[in-house]
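# A structural walkthrough
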Amino acid sequence: MSNKCLLIPSGFPRLPLKNGIGRVVCQLKRITIKFCKSSGSSQGVRNFIELDLLDFTNNNPEVVIYLKPRRHHSPVVISEYLNGERHYMNFHNFTRDNTNKWLNFLRTRVGIKTIRFRKLQHTELPSIQGVWSPFTNKSPELNITSFPNEKFLQPKHLPESATERLRKMFERQKLKESEEMKMNNKSIEVQQ
Amino acid sequence: MLLIVLPNLQEEVVALYSCSRKKYREYHRFFSPLLKQLKRRQIIAPPPINHRNTYLEWNYEAELYSFGKRLGEEFDNELLRQALMQRSYLKKLEEEQKRVGIEVSSNENVDNVCMIPKGEEILQNFTLLYLRHILPRFPEEGIQSIKDHLMSEETLSHVCFHIGASELILCEDFPVEKSTLNSTMKALIFALHESSGLERTSVFIRDFILTQIAELDINDLWNIENPIETLNTICRNEDVDLPEPRIVGDSGVNTILALYRVGLYINKKLIGLGSGESIKIAHEMAASDALRRLFGTAEHQLNIPFNLVLNPKIKSEPNLGVKDWCEKRVQERIKQTLSLNE
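The sections below set out a description of the structure shown in this document. Everything quoted here is computed from the prediction, not taken from an experiment. (Residues numbered from 1 in each chain as written. Chains lettered and ligands numbered in written order. Predicted model: local features only at pLDDT ≥ 70, side-chain atom pairs only at ≥ 80, totals over all residues. Heavy atoms only, no water.)

### A word on the overall build of chain A
- Per the secondary structure count, chain A includes five helices and six strands.
- Beginning at the N terminus, the succession of helices and strands in chain A can be written as β-β-α-α-β-β-β-α-β-α-α.
- The C-alpha radius of gyration of chain A comes to 38 Å, more than 25% above the 16 Å expected for a compact globule of 192 residues.
- Reported as C-alpha extents along the three principal axes, the dimensions of chain A are approximately 120 × 55 × 40 Å.
- Of all 192 residues assigned to chain A, the portion counted as buried reaches 30%.
- Taking the intrachain contacts of chain A between residues at least 6 apart in sequence as the baseline, contacts between residues at least 24 apart amount to 72%.
- Total accessible area computed for chain A in this model is approximately 14100 Å², and 55% of it derives from carbon and sulfur atoms.
- Of the side chains in chain A, 32 bear a positive and 17 a negative charge, and the two mean positions are spaced by 17 Å. (Helix = DSSP H or I, 4+ residues; strand = E, 2+ residues; numbered from the N terminus. Rg over C-alpha atoms; globule rule 2.2 N^0.38 Å. Buried < 20%, exposed > 50% of the residue type's maximum accessible area, 1.4 Å probe, protein only. Contact = heavy atoms within 4.5 Å. Areas by Shrake-Rupley, 256 points an atom, 1.4 Å probe, with all protein chains shown as cover. Lys, Arg positive; Asp, Glu negative; His and termini not counted. Charge placed at Lys NZ, Arg CZ, Asp CG, Glu CD.)

Here it is as structure tokens:
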């Protein structure tokens, strides 16, 4: 993020009028293209108007396009959006391809002012399992215990001590020995 | 960068001066005072806002054409023009004609006054039909309050502005007032009904007006006065024991930030949970939580579909009121509506 971003207002991506939940509405309502009929800086825009403009209008009947020839001026595109915003862009020395691409960009914009996104998504329902409270995931047992209580005085996850491990090993050994003894007794009985 | 910070300044001037010394990574010394001066001027005498139709590039015919295309609807041109024509505009026109000395021709049935109540009726019928279909367990009082929210001036004017009608409306007030936008929206619905039929209109209403309750907590729209009493009434209708409140947890008792958590139980089964700063409030919250779960509008239950195609000709029966609400009758009603839609 560069220093420039500090001056740009920040916000979350929002769609006007819940666009897309019902049906998708193109947010661009009209474009004004100002260009010069003779100067070189308008060459690309003029080519666009001659060759591609009709296709553009046929594909996007929801956008009204106005052409304003202005002598000896840089070509300029002013796009107006459904939320009332105007976006001004200079097309100086743009080629025909550039013009096509930028117009497509302007067409697919939502129309909100340029902002720095704090996050790339936004939701009105941040949690479906409910907001955390001090009682979330608490055992109901706590309600009827009187404190101080020996059980709750201990740490929740105590690692096994060496003594405890030894004791368990000893018990396991004893169990094994007793089983072996039993087996031996049985075999003796069968032999007899 | 600066264009964004001060968007209303004379853009070209700012762009020119901020770029001129870019290679030295600095601005002219006069640049900051210039901006201050421009800002000051703007505060003293803000530039007048003109209606879009006073601009040179304005073609009302083309704008009307793309208005219909934008919404994906086929409007009859005459009807669309009539829907956008307000009485105030005609009056102003007549006065001007009188002043100049032209004979005033009768302008009856040219404005949208007669279209507004008809559009309102279509809107109301379909809104109620759709809401009752998607929220069959929600009591009628709640359905009515959601409908009131959707048909309020606030919502309708918001929708009307954002489909781009505000510049096309022919009216005297500028900037266009909310009441004007509100009435025009209703007239537009009627115009659509006359041009493309009821089916298309109902889909239009679903897509543009009903979707306004998405991302909205519908429980906020309907305020239940006394949730505990309401819950008791429903329990009596169901023939079960009255819910038993129990403190499930508390924290910071005897402090200023006390917190209680109350659960409501019927036959040892939890039906609602609520917390509050006193036991009474927590009890009420628990009752309204239980009601929400019963009505199917709790956070985890609510998933409103906005893609249903309903038959708008069906006359919808009102949902059960709170006083008659019980599980058995609700199930019967859901069966009825399902069979009607088939």
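### A look at helix H4 (residues 60-71) of chain B
- Here H4 of chain B is 12 residues long and its end C-alpha atoms lie 17 Å apart, about the 16 Å a rise of 1.5 Å per residue gives.
- All of the buried residues in H4 of chain B are Tyr-60, Glu-63, Leu-64, Ser-66, Phe-67, Gly-68, Arg-70 and Leu-71 of chain B.
- As for H4 of chain B, its buried residues are in contact with strand S2 (28-35) and strand S3 (64-69) of chain A together with helix H5 (77-83), helix H10 (178-196) and helix H11 (198-208) of chain B.
- Within two residues after H4 of chain B, Gly-72 of chain B carries a phi angle of roughly 70 degrees, on the positive side. (Expected span 1.5 Å × (residues − 1).)

### Side note on the interface of chain A and chain B
- With 39 residues of chain A at the interface, the matching set in chain B holds 46 residues.
- Sorting the residues of chain A by area buried against chain B places Leu-17, Arg-23 and Phe-135 of chain A first, and these three jointly supply 22% of that buried surface.
- The interface formed by chain A and chain B holds eight salt bridges in total.
- Summed over the shared surface of chain A and chain B, the number is 11 residue pairs in polar contact (both at pLDDT 80 or more).
- Taken together, the elements giving at least two residues each to the side of chain A that touches chain B come down to S2, S3 and strand S5 (86-90) of chain A.
- Looking at the side of chain A that touches chain B residue by residue, the class counts come to 17 nonpolar, nine polar and 13 charged. (Buried area = accessible area lost by both parts, 1.4 Å probe. Salt bridge = Lys/Arg side-chain N within 4 Å of Asp/Glu carboxyl O. Polar contact = N/O pair within 3.5 Å; in protein donor to acceptor, adjacent residues only side chain to side chain. Nonpolar A, V, L, I, M, F, W, Y, C, P; charged D, E, K, R; others polar.)

### Let's talk about the nonpolar core
- One finds Phe-67, Ile-163 and Ile-209 of chain B to be the most contacted residues of the largest nonpolar core, which totals 80 residues.
- Counting residues per element, this core draws most heavily on helix H7 (residues 115-134) of chain B, at 10 residues.
- In terms of nonpolar packing, the next biggest core, distinct from the first, is built from 19 residues, Leu-28, Ile-33, Phe-56 and Val-77 of chain A among them. (Core = buried A, V, L, I, M, F, W, Y, C linked by side-chain atoms within 4.5 Å.)

Shape is all these values report; function is a separate question.
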